[in-house]
Amino acid sequence: MIVFDLGCANSHRFEGWFASSEDFERQVGRKLVACPLCGNADVARLPHASHIRTGGKERAVRAEAAAGKQQYANMGSEVLTRVVEHIIENTEDVGAAFPEEARKIHYNESAERRIRGTASHEEVDSLREEGIEVIALPIPAHRHGKTH
Ligand SMILES: [Zn+2]
């Protein structure tokens, strides 16, 4: 099945389902397709038609919808992985010295730079209380560099 975006002579837009584009041409040629809003049979295919391959079964549509969701979920984690990779490439790993180093940078005792490392929840909380920006990220264990 193919779904076409259709328009009538009165600029109404609607969808039509056809077995193929030949089937669409044949039905329109015979004036078998009429606008559901005004009954006008002067119907034309609009650009940017969306094609849905269903295999003619509702089950196939559901399977495709589920596959689409899965793909979206995967894309989300891929984006997250890229963000994490970007941060890893653009920060200096100070490991367990992170809270101490973050404070030094914050109080201008150390050169300003982007750092990453490990910190406990308590340490993160107190850093935030001091006005130091800390972002928690799910960095994979194998990407943690050498710690001091
Ligand atoms: Zn119409």
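For the structure itself, look to the data block above.
Here is what the cut-offs are and how they apply
- Residues numbered from 1 in each chain as written.
- Predicted model: local features only at pLDDT ≥ 70, side-chain atom pairs only at ≥ 80, totals over all residues.
- Heavy atoms only, no water.
- Patch = residues over 30% accessible without salt bridge, like charges linked within 9 Å, V, L, I, M, F, W, Y side chains within 5 Å.
- Areas by Shrake-Rupley, 256 points an atom, 1.4 Å probe, with all protein chains shown as cover.
- Salt bridge = Lys/Arg side-chain N within 4 Å of Asp/Glu carboxyl O.
- Lys, Arg positive; Asp, Glu negative; His and termini not counted.
- Charge placed at Lys NZ, Arg CZ, Asp CG, Glu CD.
- Helix = DSSP H or I, 4+ residues; strand = E, 2+ residues; numbered from the N terminus.
- Buried < 20%, exposed > 50% of the residue type's maximum accessible area, 1.4 Å probe, protein only.
- Phe/Tyr/Trp six-rings, centres within 6.5 Å; stacked < 30°, edge-to-face > 60°.
- 1 Å grid on protein atoms, 1.4 Å probe; cavity = no way out; pocket = protein on both sides within 12 Å on 5 of 7 lines; lining within 4 Å.
- Points joined across faces, edges and corners; volume = space filled by probe spheres on them.
- Nonpolar A, V, L, I, M, F, W, Y, C, P; charged D, E, K, R; others polar.
- Donors = N, O, S within 2.8 Å, 3.2 Å for Na, K, Ca; no water.
- Tetrahedral: all angles 85-135°; square planar, octahedral: opposite > 155°, others 65-115°.

Taken together, the side chains of E122, E123, D125 and E129 make up a negatively charged region of the molecular surface. Mapped onto the fold, D125 is located in helix α4 (residues 121-129). Taking relative accessible area as the criterion, D125 reaches 44% and is therefore assigned partly exposed.

In this section: the packing of aromatic side chains. For the structure shown, the criterion picks out 3 aromatic pairs. Plain terms: the ring middles of F4 and F24 are 5.0 Å apart, the flat faces sit at 70° to each other, and that makes the pair edge-to-face. Of this pair, F4 sits in strand β1 (residues 2-7) while F24 is found in helix α1 (residues 21-29), placing the two residues 20 residues apart along the sequence. This pair shows no difference in class: F4 is buried, exactly as F24 is. Here the aromatic rings of F18 and F24 are separated by 5.0 Å at their centres, their planes lie at 75°, and the arrangement is edge-to-face.

Turning our attention to the layout of surface pockets. Size it by volume and the largest pocket reaches roughly 920 Å³. Along the walls of the largest pocket sit 29 residues, with F98, I115, E133, V134 and I135 positioned nearest its centre. Ranked by residue count, the leading element in the lining of the largest pocket is helix α3 (residues 98-106), at 4 residues. Partitioned by chemical class, the residues of the lining of the largest pocket number 13 nonpolar, 10 polar and 6 charged.

Within the protein, the atoms that donate to the zinc ion are C8 (SG), H12 (ND1), C35 (SG) and C38 (SG), at distances of 2.0 to 2.3 Å. Here the zinc ion binds 4 donor atoms, and the angle range of 104 to 116° at the metal identifies the geometry as tetrahedral. Taken in chain order, the donor set of the zinc ion reads C-x3-H-x22-C-x2-C. On the criterion of sequence distance, the pair formed by C8 in the loop between β1 and β2 (13-18) and C35 in the loop between α1 and β3 (44-45) is long-range, its members being 27 residues apart. Here C8 falls in the buried class, since its relative accessible area comes to 9%.

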